[in-house]
Amino acid sequence: MFLIELYWLIQAVAYWSLVLLLIPLNYLKKLMLFSFLGGFIYTWIVQIVAVNLYKGWIFASDILMIYNIPVFFTLSWFAVTTIYGYLLWRFPRYQLWIVLFFILWATVMNYTALSLNQIFLPKWSIPQTFMFAIFSHVLLLYAFKYLHHVNELGATETMLEDSFLLFKPEFGDIFFQTQA
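So, here's what we can say about the structure. Owing to the predicted nature of the structure, the values given are computational and were not obtained by experimental measurement. Each chain carries its own residue numbering, running from 1 in the direction its sequence is written. Where totals are concerned, whole chains, interfaces and linings use all residues; where local detail is concerned, this predicted model gives features only for residues with pLDDT of at least 70, and gives and counts side-chain atom pairs only at 80 or more. Based on all heavy atoms of the structure, the side-chain values leave hydrogens and waters out of the count.

What follows deals with helix α3 (residues 25-53). At Leu31, α3 shows its largest kink, close to 50°. Following α3 by one or two positions, Lys55 adopts a phi angle in the positive range, close to 60°. What is called the bend at a residue is the angle between a pair of axes, fitted to the seven residues leading up to and ending at it and to the seven starting from it. Put simply, DSSP marks the helices as runs of H or I at least four residues long and the strands as runs of E at least two long, and each gets a number from the N terminus on.

Below, the structure written as structure tokens:
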């Protein structure tokens, strides 16, 4: 099937479309360093170690691969990291939910790729993906905190309390507030 052979390209186009839909241009410019380091460089490092050194997973052949890694796979996570950074920047009080969402996103996307035979896991598993996603997204959260000086991010005394503000009736108001 031709489309499945373009899986990583289609994923990259879809994720970058979400970036363009969700993130105003002024934020894109501010997010590029974090997104490049966290979404592109970090992804390449993890993939080189996991695919070529540890041999934990193997990607199916793709239209553009470097060191046995699909280039469009890494471009996909560059986009996802941009969305992650934007949401952390805009809604730092809800960092637990944002982190949880992206951990689940990474795990589900790994499971989907496995189901579609785009990745094979000879020395890895979906639960390990979930646990590694926890580590990666917390690491990225702190990298973002220090790159962009968002002091509300990271462990705070009110982090749990703030996260559960989602369940208060006035939660919808945060989406209609304007920021300078």
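Moving on, there is more to tell.
Turning to the packing of aromatic side chains, a few remarks are in order. Aromatic contacts are taken between Phe, Tyr and Trp rings whose centres are within 6.5 Å, Trp giving its six-membered ring; a plane angle under 30 degrees counts as stacked, one over 60 as edge-to-face, and the others as tilted. Here the structure, examined in full by the defined rule, presents 24 aromatic pairs. With a centroid separation of 5.6 Å and an interplanar angle of 90°, the aromatic rings of Tyr27 and Trp89 are classed as edge-to-face. Note that Tyr27 is positioned in helix α3 and Trp89 in helix α4 (residues 71-90), a separation of 62 residues in sequence. For every residue, the accessible area (1.4 Å probe, protein chains only) is compared with the maximum for its type, and the residue is labelled buried under 20%, exposed over 50%, or partly exposed between those bounds. We classify Tyr27 as buried; its relative accessible area is 11%. Relative to Phe78, the ring of Phe40 has its centre 5.9 Å away and its plane inclined at 45°; by these criteria the two rings are tilted.

This paragraph deals with the packing of α4 against helix α5 (residues 95-115). At a minimum axis distance of 10 Å, the contact between α4 and α5 shows a crossing angle of 165°. Judged on the interaxial angle alone, α5 and α4 are roughly antiparallel. The two elements α4 and α5 meet at a crossing, and its hand is right-handed. In this structure, α4 uses Trp77, Val80, Ile83, Tyr84, Leu87 and Leu88 to contact α5, whose residues at the interface are Gln95, Ile98, Val99, Phe102, Trp105, Ala106 and Met109. Each residue is assigned to one class: nonpolar for Ala, Val, Leu, Ile, Met, Phe, Trp, Tyr, Cys and Pro, charged for Asp, Glu, Lys and Arg, and polar for all the others, Gly among them. Considering only residue class, the contact of α4 with α5 consists of 12 nonpolar, one polar and no charged. Axes, fitted as lines to C-alpha atoms, cover a helix only where it is in contact. Angles between the N-to-C directions of the axes lie from 0 to 180 degrees. Orientation is classified from the angle alone, with under 35 degrees giving roughly parallel, over 145 giving roughly antiparallel, 65 to 115 giving roughly perpendicular, and any other angle giving oblique. Whether a crossing is left-handed or right-handed is set by the direction in which the near helix is turned from the far one by less than a right angle, anticlockwise for left-handed and clockwise for right-handed. The contact definition used throughout considers only heavy atoms, calling two residues in contact when any of these lie within 4.5 Å.

So, about the environment of Ser136. Residue position: Ser136 is located in helix α6 (residues 126-148). On the basis of relative accessibility, which here comes to 7%, the residue Ser136 falls in the buried class. Spatially, the C-alpha atoms of Ser136 and Leu22 are 23 Å apart, while their sequence positions differ by 114 residues. Looking at Ser136, its side chain comes within polar contact range of the side chain of Tyr42, at 2.8 Å. Each polar contact in these results corresponds to two N or O atoms within 3.5 Å; when the atoms are within protein, one needs to be able to donate a hydrogen and the other to accept it, and residues that are neighboring in sequence are counted only if both atoms are side-chain atoms.

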